[in-house]
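Commentary on secondary and tertiary structure
One-letter residues, chain by chain:
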There are 2 protein chains.
Amino acid sequence: MKPIEECTVGIAGMGIMGGAFAMALGKLAPARLLTCDPDAGAAGAALAGGVIHEAFTDPAEMLGRCDLVYLCVNPSALPGFMGGRMGDFKSGALITDIAGVKGNIAKILEAGLRDDLDYIPGHPMAGSEKGGYAQARRCDFRGKNYILTPLKRNRAENLSYLESLIRRMGFGRITVTTPEDHDRKIAFTSQLCHVIAASLVDCEADTGITRFGGGSFEDLTRIAMLNAPMWAELFLGNRDELLARIDQFAESLGAIRGLIAGGGAAALEARLRAVRERRAAMAG
Amino acid sequence: MKPIEECTVGIAGMGIMGGAFAMALGKLAPARLLTCDPDAGAAGAALAGGVIHEAFTDPAEMLGRCDLVYLCVNPSALPGFMGGRMGDFKSGALITDIAGVKGNIAKILEAGLRDDLDYIPGHPMAGSEKGGYAQARRCDFRGKNYILTPLKRNRAENLSYLESLIRRMGFGRITVTTPEDHDRKIAFTSQLCHVIAASLVDCEADTGITRFGGGSFEDLTRIAMLNAPMWAELFLGNRDELLARIDQFAESLGAIRGLIAGGGAAALEARLRAVRERRAAMAG
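Residues numbered from 1 in each chain as written. Chains lettered and ligands numbered in written order. Predicted model: local features only at pLDDT ≥ 70, side-chain atom pairs only at ≥ 80, totals over all residues. Heavy atoms only, no water.

**What to know about the confidence of the model for chain A**
Caution is warranted with low-pLDDT regions, since their predicted coordinates should not be read in detail. Per-residue confidence for chain A gives a mean pLDDT of 94; residues scoring 70 or more make up 99%. Complex prediction metrics read pTM 0.89 and ipTM 0.90. (pLDDT = per-residue confidence, 0-100.)

Listed below in structure tokens is the structure:
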């Protein structure tokens, strides 16, 4: 790959994440920064704001020019987007995506990817419960985690190149792992947490309950302001792992409930102390 | 009650909350601000820092001088503290506390309170997962909720007086309710949330999991850094209400699990959308 300053970079999809990547990549001064989005309004706002150089509604016009492509379309649209556009990419292009579930995507890509393209699946652990291009500036990459799930066929120098860009955009830890490991762990750190937050709001009909809030309820339910179609998609796209994680959590909940019902302070205290120690050992 | 500028104010217990109340009440310029704590170190630090005027290890020396007493001792120590010291209080004193469970305390007080004293039970919804006087400066009262559960015998002018002080210390909404209503709602907004956070950490042994964190897990488990003896006490002190809330939550969790297992996007989306709307309707 050429230095980023000589690359034409394309971002497919100008939602919150596409917008945030446009801003972060723009600071690395690529030769040209392009976007395509069926919503001309979002792409137009990015153009008017000086965030990108050119905007397209037809992806084909953009993809043929790009050395590096960031796919920031909705996860469910990704397979269709790729499947129908293999002929559109520039030869030698490096492609990456930001989808929150990786197993299914990896399989689709292994099957249909053109030989002269390199596609490295990725998952930046940044975002917001609020979507849309207008929220892009609020999406802070600094110090955030980034997961990469490379394909066997990925070229080592392209992986290093992408890692370097990710660091330069401000991300913190980069973890390279398998799609399966990603999906298992993300089911815990992200999807299960959203299911819990949703369940917590779901079980209380009294909207005046927040008069009794001291921060805990607010912390636990911030992410309950979720984008329903996207999260339904993420939950169902990683269903088996997520169900296993819900059951794992329900088991611990039941055990702690049992200790409370039992009424003995010593065993309950010991379990809570172990929780505190484990959480302290979990860096970050 | 005299204006606060003419009052001698006593704070029993110089932990994070006692310290934070000393700092907040100190700004209202009481004539004298005293504290008592069996730990001479904490009280000494408050004295050395100019936060209070005098420190005692024996509560009796302090209580006899105070027009207003803030009881910031551990909830479990409160009945013992009050029961053994009825003779120590100054006649006409206004007393309040900060314990997170109110039903049991209200009953104990109704039984043994001296006729010339007025005790208004309260619960400031502020604090931190970190305890101790050294953390007091990090305990921010601004805009926080405050719950009062007055006794039938409380004098209306004392209730107004305390409410006025609470507002002047920076708190936001003050809610006046019964101990039973307090305990039922606090079981949800506070104790259930801590049980959930603890269960979430409890069910995952891999401390490296936070490499896959994107903020949700961090938000949900901040309060898992809990003070084990205090929270075991709060859980057991409000056991029946808390168990009912855990079951209520588990039912919603099971229902959402069922929708995910079922695999249909429409019903899952509809439920998540309803969650989002309800959370939005919950002010604060």
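**A look at the sheet that holds strand β8 (residues 146–148) of chain A**
Residue and element names in this part refer to chain A. Overall, mixed pairing links the three strands, which are arranged β7-β8-β9 in an open sheet. Taken across any chain shown, the strands that pair with only one partner, and hence form the sheet edges, are β7 (122–124) and β9 (174–176). Each strand axis lies, on average, 15 degrees off the axis of its neighbour in the sheet, ignoring direction. (Pairing = 2+ DSSP bridges. Helix = DSSP H or I, 4+ residues; strand = E, 2+ residues; numbered from the N terminus. Axes fitted to C-alpha atoms, helices over the stretch in contact; angles between N-to-C directions.)

**Thoughts on unusual backbone geometry**
All names here are of chain A. The backbone of A29 shows a phi angle near 55 degrees, a positive value even though the residue is not glycine. Relative to the helices and strands, A29 is located in the loop between α1 (16–26) and β2 (32–36). Classification of A29 by relative accessible area gives partly exposed; the value is 43%. (Buried < 20%, exposed > 50% of the residue type's maximum accessible area, 1.4 Å probe, protein only.)

**Re the pairing of β2(A)**
All names here are of chain A. For β2, the buried fraction is high: four of the five residues fall into the buried class. Where strand β1 (residues 8–12) and β2 come together, five bridges link them in parallel fashion. Note on β2: the bridge partner recorded for V9 is L33. Note on the crossover from β1 through α1 to β2: the handedness is right-handed. Here three bridges tie β2 to strand β3 (residues 54–56), and the two strands are oriented parallel to one another. Counted as the bridge partner of T35 is A55 from β3. Read as a crossover between parallel neighbours, the route from β2 over helix α2 (residues 40–48) to β3 is right-handed. (Right-handed = clockwise from strand over helix to strand, strands pointing away.)

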